[in-house]
Amino acid sequence: NQTSETKRLAAESLPLFQSLGIQREAIAAWLVFQQAAEREVVTLELVKEVANYLRASRGNPELKFRR
């Protein structure tokens, strides 16, 4: 089902981010998503917020994630 797939994706992506040397703030943003997935409270708004942050942070590594 979609919920279990979201949980799996969130859990499997974090080690990948860490191994690629992704900045700390981006990992923090992903952790917010991962925790929401685990609690089964992911919303479209959260997905957009994290995606927008990740996109913006590529050009600005100092950008802070604010939730």
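Refer to the structure printed above.
Since this is a predicted model, take the numbers as computed values, not measurements.

**Observations regarding a nonpolar patch on the surface**
At step 1: The grouping of Leu16, Leu20 and Ile22 at the surface amounts to a nonpolar patch, some 270 Å² of accessible area in total.
At step 2: Relative to the assigned elements, Leu20 resides in the loop between α1 (2–19) and α2 (24–38).
At step 3: Leu20 gets classed as exposed once you look at its relative accessible area, which sits at 58%.

**As for the packing of aromatic side chains**
At step 1: Counted by the stated rule, this structure contains two aromatic pairs.
At step 2: The interplanar angle of 40 degrees and the centroid separation of 4.9 Å between the aromatic rings of Trp30 and Phe33 together place this pair among those described as tilted. One end of the pair is Trp30 and the other is Phe33, both in helix α2 and three residues apart, which spans about a single turn. Grouping residues by exposure puts Trp30 and Phe33 together as buried.
At step 3: Aromatic side chains Tyr53 and Phe65 sit 5.2 Å apart centroid to centroid with 70 degrees between the ring planes, which places their arrangement in the edge-to-face category. Linking Tyr53 in helix α3 (residues 44–59) with Phe65 in the segment after α3, this pair joins segments that are twelve residues apart in sequence.

**A word on the packing of α1 against α2**
At step 1: At a closest axis distance of 9 Å, the pairing of α1 and α2 adopts a crossing angle of 155 degrees. Classified by the interaxial angle, the pair formed by α1 and α2 is roughly antiparallel. As α1 runs across α2, the sense of the crossing is left-handed. Where α1 approaches α2, its residues Thr6, Lys7, Leu9, Ala10, Ala11, Ser13, Leu14, Phe17 and Gln18 are matched on the opposing element by Ile27, Trp30, Leu31, Phe33, Gln34, Ala37 and Glu38.
At step 2: Tallied by class, the residues present in the contact of α1 with α2 amount to ten nonpolar, four polar and two charged.

Each value, and the rule that gives it
Residue positions within a chain follow its written sequence, with the count starting from 1. A pLDDT threshold of at least 70 governs which residues receive local features in this predicted model, and a stricter bar of 80 or more applies before side-chain atom pairs are shown or counted, although totals over entire chains, interfaces and linings include all residues. Hydrogens and water molecules were not included; the side-chain quantities draw on all heavy atoms of the structure. Only residues whose relative accessible area exceeds 30% and that form no salt bridge are eligible for patches; like-charged ones are grouped when within 9 Å, while nonpolar side chains (Val, Leu, Ile, Met, Phe, Trp, Tyr) are grouped when within 5 Å. Computed with the Shrake-Rupley method and a 1.4 Å probe, the accessible areas treat only the protein chains shown as cover for residues. For salt bridges, the criterion is a side-chain nitrogen of Lys or Arg within 4 Å of an Asp or Glu carboxyl oxygen. Numbered from the N terminus, helices here are DSSP runs of H or I no shorter than four residues, and strands are runs of E no shorter than two. Each residue is assigned to one of three classes by its accessible area relative to the maximum for its type, calculated with a 1.4 Å probe on protein chains only: buried under 20%, partly exposed between the two thresholds, exposed over 50%. Centre distance within 6.5 Å is the pairing criterion for rings of Phe, Tyr and Trp, where only the six-membered ring of Trp is used; planes under 30 degrees apart are then read as stacked, over 60 as edge-to-face, and the remainder as tilted. Only the stretch in contact is used when fitting a helix axis, every axis being a line fitted to C-alpha atoms; angles between N-to-C directions are given from 0 to 180 degrees. To sort the angles, those under 35 degrees are grouped as roughly parallel, those over 145 as roughly antiparallel, those from 65 to 115 as roughly perpendicular, and the leftovers as oblique. Each helix crossing is assigned a hand: it is left-handed if the near helix lies turned anticlockwise from the far helix by less than a right angle, otherwise right-handed if that turn is clockwise. A contact between two residues is defined here by any heavy atoms of the two lying within 4.5 Å. In the scheme used here, Gly and all other residues not listed as nonpolar or charged are polar, with Ala, Val, Leu, Ile, Met, Phe, Trp, Tyr, Cys and Pro taken as nonpolar and Asp, Glu, Lys and Arg as charged.

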